[in-house]
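A closer look at the structure
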Amino acid sequence: VQLQASGGGLVQAGGSLRVSCAASGRSFSTLIMGWFRQAPGKEREFVASISRGGSITEYGDSVKGRFTISRDSAKSTVYLQMNMLKPEDTAVYYCAAEQQYFSGTRNLAASYDYWGQGTLVTVSS
C-alpha cells in the first residue's frame, strides 16, 4: 500500500484545514485508516481512525469535537477535517493503513502496517 498525504500548511488559530491521504496498491475497502501526528520533541499521537466501511470512527481526546475523519471509496482517499485549530495542533500529520477484515478502528500506531510521508500543519497564535 502506498499512501500520499497532502493538504498541510499554515493556518491561524481558530481556523480550519483539511488534509487528505490517497491510498493505492490494495483494495481501499480492506483498509482501516488512521491519522497520527508528531510534534517536535514529542511522541507520535493518535488523532483519528475510521473503519473499512466508514461507519465507525474514533478520535483522540485532544481533538474530539474539532476534527472529523472521513473516507471516499471512489477516490481511495481518507480526509481529516480540522476545525477550531489551536497552536498545540502544530505537528506533522501522518496517515496510516492496516489491511484488516476486522470491522472497527485502531488507535495504536503499532497496529498499522503502512504509513504515508507526513504533511506539516502549522497553527499560528
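Thresholds applied
- Residues numbered from 1 in each chain as written.
- Predicted model: local features only at pLDDT ≥ 70, side-chain atom pairs only at ≥ 80, totals over all residues.
- Heavy atoms only, no water.
- Helix = DSSP H or I, 4+ residues; strand = E, 2+ residues; numbered from the N terminus.
- Rg over C-alpha atoms; globule rule 2.2 N^0.38 Å.
- Buried < 20%, exposed > 50% of the residue type's maximum accessible area, 1.4 Å probe, protein only.
- Contact = heavy atoms within 4.5 Å.
- Areas by Shrake-Rupley, 256 points an atom, 1.4 Å probe, with all protein chains shown as cover.
- Lys, Arg positive; Asp, Glu negative; His and termini not counted.
- Charge placed at Lys NZ, Arg CZ, Asp CG, Glu CD.

A few words now on the overall build of the protein chain. What the protein chain contains, in helices and strands, is 0 helices and 11 strands. Its C-alpha atoms give the protein chain a radius of gyration of 13 Å, near enough to 14 Å, the size a compact globule of 125 residues would have. Principal-axis analysis of the C-alpha atoms gives the protein chain an extent of 40 × 25 × 25 Å. Counting only residues that meet the buried cut, the protein chain has 45% of its 125 residues in that class. A separation of at least 24 residues holds for 60% of the contacts in the protein chain among residues at least 6 apart in sequence. Of the roughly 6,100 Å² of accessible surface on the protein chain, 48% is carried by carbon and sulfur atoms. Counting 12 positive and 9 negative side-chain charges, the protein chain places the averaged centre of each group 5 Å from the other.

This brings us to the side chain of Thr105. Structurally, the position occupied by Thr105 is in the loop between strand S9 (91-99) and strand S10 (114-115). When its relative accessible area of 15% is taken as the criterion, Thr105 is described as buried. For Thr105, the contacting residues outside a window of four places in its chain are Ile32, Ser49, Ile50, Ser51, Ile56, Thr57 and Glu58.

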